[in-house]
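Here are the chains, one letter per residue:
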Amino acid sequence: MKTEHASAQYLKDYKKPEFLVQNVVLTFYLDGENTKVINTTEYYRAEAGANKLVLNGEHQQLERVELDGRQLTASEYQITNETLTLTDLPEQFVLTTESLIDPVNNTALEGLYLSGGAYCTQCEAQGFRRITYFQDRPDVLGAFTTHIIADKSMYPHLLSNGNKVAEETLPSGLTKVTWVDPFKKPCYLFALVAGDFDVLQDSFNSRSGRNIQLELFVDKGNLGRAEHAMASLKAAMAWDEQRFSLEYDLDIYMIVAVDFFNMGAMENKGLNVFNSKCVLADRESATDADYLSIESIVGHEYFHNWTGNRVTCRDWFQLSLKEGLTVFRDQEFSMDLGSRAVNRIQQVRIMREHQFAEDASPMSHPIRPDAVIEMNNFYTVTVYDKGAEVIRMLHSILGEDKFQQGMALYFERFDGQAVTCDDFVDAMQDASGLDLSQFRLWYSQSGTPVVSVSSEYNQVAQTLTLTLQQMTHATFDQVDKAPLHIPVKIAFYYQDGQPAELTGGAEQVLNLTQAEQSFTFACKQPVYFSLLRDFSAPVKLNYQYSDAELSCLIPAETSDYAKWELMQNLYIKYLCQDVKGELTEYPVEIAQVLRALLADESLDKALLAEILTVPSFSSLLEYFEQVNPQKIIRARQSLQVYLVDQIGDSLYRVWQQATPTDYQYNASEIARRSLWGASLKLLAMANYADIGEQLGEFYQGADNMTDRLSILQAAGVSDKNVFKQLMDDFDQSWRGDSLVMDKWFALQAKQDTDEIFTNIEKLQSHPDFNWNNPNKVRALFGQFAMFNHAQFHRSDGRGYQLVSRAIEKLNAINPQVAARMITPLIQYHKLDLGRQTLIKSELQRLSALDGLSSDLYEKISKSLAS
Ligand code: B3K
Ligand code: ZN
């Protein structure tokens, strides 16, 4: 392992900035490889006696430094590859730096870069230092003015944060546009875009009567695909006013869609930059899942305007302050607009499939990490999704009213400031009057608590006693664990399926705060109980329901979410037996329960589609230690084939009833399409009623991408020839349409065939593939590593090699994307020792790479040390 890598930064070492800034004036001369940036910033001393200012700056050539109008000689400052340091400074001063940067060759897509001919920026977390010299930390807030000078015939739209205040033609023929952002902000929220776009314009009347201009910039020719994102933005603005009493603050809100982007989107003040995948949709090119994800991401970035921008983070360890809270807000937005239960199921899937695995991996960390080498590695499911679960627990402990009072107090205290997670919890505590001291441990303790439940019914006393124990195992980052405050929502049912109104209600929240705690209820007859309703805490539940309990509870449950949860329990029980070689036969209850659900016309079709989906490979992996993953894959397949064998006739009937009609985009049609797709895939897998032979016909008749994709997936698991034919047809129809072809690459990558390696090799020469575009790399290699379990986990190690070679190549192109892709390789601790050895040897090889990025270094070194 190379040793020259950056060392960790620690939360405990936080120090306030010694100098702060007022006005920041940036002037950009956009000129390809020689783009000039002039930065004039007013500084003042913030800590008495401070006399040294260290500015961050990388990947730029410093041309000039001026202090209060006087050019400094090289001996008057120190420059390294990463910093510019000045000493002997007055109380207040104006510092000007001029540097040259190269957006053209910036393949890391951090700082200023070119995406398909347009200039754009990505500064969070630490990309601003690639643009100019500055204190690149979130607690230095300035008022930004941005001048952009460029050739307007090539870049008709020159955009930055805030309001456009001037535009003039310079004697050189170039255009100069000036933007002023009236809100002070940290530099990670800075943005600049210059390009030739089509613009979708609209407006929003805010509740105080202001007319806000909305502009959505897309590549030429894509206006028809921008309407859904615009509608989502307006819905988000209205929702935030209604639910959180939060109104937008500038006169203009802009969204720009670009093809080259490291993640989904970025909440820069007044000028969001989005991955085009998270903006563009029409029925021909996007699935229902794409539409819903666009709605949620547009909402998420908009909601950041208050939770993130108006109140930001003091330091990057506090990232969950803005991300956990904003994910909670975007989840509630989607749940208020759509199905609460189906949204909750999807949120829980992310926790069980990805977050629990992260907790069990060498990258385990609390939602507020203590130590970080590369900040980009901490935009994780733990900080985001577990962070949102922590906010959700607070919301359920406080209730909506008190929670909203806490939010109001938070903004009253901290608007315009950079603060900590503790500041947020203080506001919630003060507004509610509750003692949240134990609750705060969720911020500092990593790992997934396991809650075990046992029950005892006392016939004589007529009482039910539930004993709950909690245990958080040591994680790679932290050994000692304390008991947490875990709210466990539970519902009681009599054995005839009627809700049991025990003292306290048929549904209750048990507040587990100790390592072991008993709860006793007066209860005239034995009852069944349904545990962890709504996934009331991000924990693993250890309770083995009997088949009798499950077959009573599943139909009886009044909560749609809990019905799904209990059905998962039934599947998991037998899948685990199968993997361990202990299964004699599946119990009749599985088929009985499913038949009854399929016959229940009152059930939401989208929920039924979720219920028919057997637990994923990744969620099952959590139940094992040192397991051969192929056994999990086989167990899932045999359960699916068994289901069709047992309930094929009912399933076929439900599938037929869900047959597509003319396309409409609304909740009931989305639900119908998802049931049609889920049942088709199951039926095709077992080739029920020779359904595979009809797939070509269905494909030709489909009038939207959701159905087309369901058919292709069904073909992929049934008939390889039909699959190939349809995929060729798809390629011919959509070649050149970048976002649609990503779906095609992903389908190819997920094929369980021995030819996958030659296929992936060939696909890299496809005209739509491009190593520099993160969406392409994720579609081909990311999907292979994450979802082609059979081939990724081959016993000969070829799957692991394929991914590690791709990572090696990406290390030199785009370290952030490379580091994301390594996740499935570092989560090897659940696999058998043979596979662990194969993976470790790939990690060893990568660790010796010349020029290994700090992103990969952090993950690989932790893995090899674990
Ligand atoms: N805040 C950005 C993520 C930035 C990631 C930097 N590596 C998007 C979001 O969470 O809204
Ligand atoms: Zn966010």
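Provided above is the structure to which this section pertains.
Residues numbered from 1 in each chain as written. Chains lettered and ligands numbered in written order. Predicted model: local features only at pLDDT ≥ 70, side-chain atom pairs only at ≥ 80, totals over all residues. Heavy atoms only, no water.

Caption draft 1: Examining the overall build of the protein more closely. On a plain count of helices and strands, the protein comes out with 26 helices and 32 strands. Its C-alpha atoms give the protein principal-axis dimensions of roughly 90 × 65 × 60 Å. Within the span of the protein, comprising 866 residues, buried residues form 61% of the whole. Taking as baseline every contact in the protein between residues at least 6 positions apart, the subset at least 24 positions apart corresponds to 71%. (Helix = DSSP H or I, 4+ residues; strand = E, 2+ residues; numbered from the N terminus. Buried < 20%, exposed > 50% of the residue type's maximum accessible area, 1.4 Å probe, protein only. Contact = heavy atoms within 4.5 Å.)

Caption draft 2: Summary view of the side chain of His793. Tracing the sequence through the fold places His793 in the loop between α21 (789-792) and α22 (798-813). For His793, a relative accessible area of 5% puts it in the buried group. Setting aside anything within four residues of it in sequence, one finds His793 in contact with Phe617, Pro629, Gln630, Tyr800, Leu831 and Arg835.

Caption draft 3: Expanded view of the site of ligand 1. Taken together, 15 residues surround ligand 1, and among them Glu124, Glu267, Glu301, Asn376 and Tyr384 come closest. Within the side chain of Glu301, one N or O atom sits 2.8 Å away from an oxygen atom of ligand 1. Glu323 places a side-chain nitrogen or oxygen 3.0 Å from an oxygen atom of ligand 1. Contact with the protein chains covers 94% of the free accessible surface of ligand 1, which is 340 Å². Partitioned by chemical class, the residues of the shell around ligand 1 number six nonpolar, four polar and five charged. (Near = heavy atom within 4 Å. Polar contact = N/O pair within 3.5 Å; in protein donor to acceptor, adjacent residues only side chain to side chain. Areas by Shrake-Rupley, 256 points an atom, 1.4 Å probe, with all protein chains shown as cover. Nonpolar A, V, L, I, M, F, W, Y, C, P; charged D, E, K, R; others polar.)

Caption draft 4: Here's a closer look at the pattern of salt bridges. According to the stated counting rule, one finds 61 salt bridges in the structure shown. Note that Asp202 is salt-bridged to Lys234, the shortest N-O span being 3.0 Å. Within this pair, whereas Asp202 is found in strand β18 (residues 198-205), its partner Lys234 is found in helix α1 (residues 227-244), the two being separated by 32 residues in sequence. Using a relative accessible area of 30% as the deciding quantity, one classes Asp202 as partly exposed. (Salt bridge = Lys/Arg side-chain N within 4 Å of Asp/Glu carboxyl O.)

Caption draft 5: Focus on the coordination of the zinc ion (ligand 2). On the protein side, the zinc ion (ligand 2) has His300 (NE2), His304 (NE2) and Glu323 (OE) as donor atoms, found 1.9 to 2.0 Å from it. Each donor residue of the zinc ion (ligand 2) lies on the same chain, and together they follow the pattern H-x3-H-x18-E. One exposure class covers both His300 and His304, and it is buried. (Donors = N, O, S within 2.8 Å, 3.2 Å for Na, K, Ca; no water.)

Caption draft 6: Here's a closer look at the sheet that holds strand β10 (residues 111-115). Reading across the sheet, the four strands line up as β10-β11-β17-β13 and stay open at both edges, with antiparallel pairing between neighbours. In this open sheet, the two strands that pair with only one neighbour each are β10 and β13 (157-160). With direction set aside, neighbouring strand axes in the sheet form an average angle of 20 degrees. The pairing of strand β11 (residues 118-122) with strand β17 (residues 192-195) spans two bridges and is antiparallel. Among the inter-strand pairings, Tyr119 is bridged to a residue of β17, identified as Ala194. (Pairing = 2+ DSSP bridges. Axes fitted to C-alpha atoms, helices over the stretch in contact; angles between N-to-C directions.)

Caption draft 7: Up close: the pairing of β17. Of the two faces of β17, the one holding Leu192 and Ala194 and the one holding Val193 and Gly195 are both buried throughout. Two strands pair when backbone bridges link them, and β13 and β17 are joined in this way by four bridges, in the antiparallel orientation. Bridging from a neighbouring strand, Leu159 pairs with Val193 of β17.

Caption draft 8: Here's a closer look at the environment of Val218. Tracing the backbone shows Val218 in strand β19 (residues 211-218). Sequence-wise, Val218 and Pro483 are 265 residues apart; in three dimensions their C-alpha atoms are separated by 50 Å. Aside from chain neighbours lying at most four places away, what touches Val218 is Phe197, Asp198, Leu223, Ala226, Ala257, Val279 and Leu280.

Caption draft 9: Spotlight on the sheet that holds strand β30 (residues 516-522). On the basis of which strands lie adjacent, the open sheet formed by four strands has the order β30-β27-β26-β32 and mixed pairing. Strands at the two margins of the open sheet, each flanked by one partner only, are β30 and β32 (540-542). Geometrically, the sheet is characterised by an average inter-axis angle of 25 degrees between neighbouring strands, direction not taken into account. In terms of strand pairing, strand β26 (residues 450-458) meets β32 through three bridges, oriented parallel. From the neighbouring strand, Val451 faces β32, where its bridge partner is Leu541.

Caption draft 10: Structural context of helix α25 (residues 833-847). A rise of 1.5 Å per residue sets the reference length of α25, with its 15 residues, at 21 Å; its end C-alpha atoms lie 20 Å apart and thus fit the reference within 8%. For α25, the secondary structure elements touched by its buried residues are α13 (629-657), α22, α24 (823-826) and α26 (854-865). (Expected span 1.5 Å × (residues − 1).)

Caption draft 11: Representation of the packing of aromatic side chains. Counted under the stated rule, the structure contains 46 aromatic pairs. Centre to centre, the rings of Phe19 and Phe93 are 5.9 Å apart; their planes meet at 70 degrees, and the pair counts as edge-to-face. Linking Phe19 in strand β2 (residues 19-29) with Phe93 in strand β9 (residues 92-101), this pair joins segments that are 74 residues apart in sequence. Ring plane angle 90 degrees and centroid distance 4.9 Å describe the contact between Tyr543 and Tyr545, whose orientation is recorded as edge-to-face. Residue Tyr545 is classed as buried on the basis of its relative accessible area, which comes to 2%. Among the aromatic residues, ring-to-ring pairing joins Trp239, Phe244, Tyr248, Tyr253, Tyr302, Phe303 and Phe333 into one connected group. The residue whose ring lies beneath Lys36 is Tyr29, and the NZ or CZ to ring-centre distance is 4.7 Å. Cation over ring: Lys750 sits above Phe787, and NZ or CZ is 5.7 Å from the ring centre. (Phe/Tyr/Trp six-rings, centres within 6.5 Å; stacked < 30°, edge-to-face > 60°. Lys NZ or Arg CZ within 6 Å of the ring centre and 35° of its normal.)

Caption draft 12: Representation of unusual backbone geometry within the structure. In the segment running from Glu124 into Ala125, the intervening peptide bond is cis, with an omega of 0 degrees. For Ala125, the location among the structural elements is in the loop between β11 and β12 (141-150). The phi torsion at Asp88 lies on the positive side, around 55 degrees, for a residue other than glycine. Looking at the element boundaries, Asp88 is found in the loop between β8 (83-87) and β9. Backbone geometry places Asp534, a non-glycine residue, at a positive phi of 60 degrees. Within the secondary structure, Asp534 is located in the loop between β31 (527-531) and β32.

Caption draft 13: Focus on the pairing of strand β3 (residues 35-45). The pairing of β2 with β3 spans nine bridges and is antiparallel. Each residue of the ladder has a partner; that of Val24, found in β3, is Thr41. The antiparallel hairpin formed by β2 and β3 contains five residues in its connecting segment, where Gly32 sits at a positive phi of about 50 degrees. In this sheet, β9 lies alongside β3 in antiparallel orientation, the contact comprising 10 bridges. Across the sheet, residue Val37 finds its bridge partner in β9, namely Ser99.

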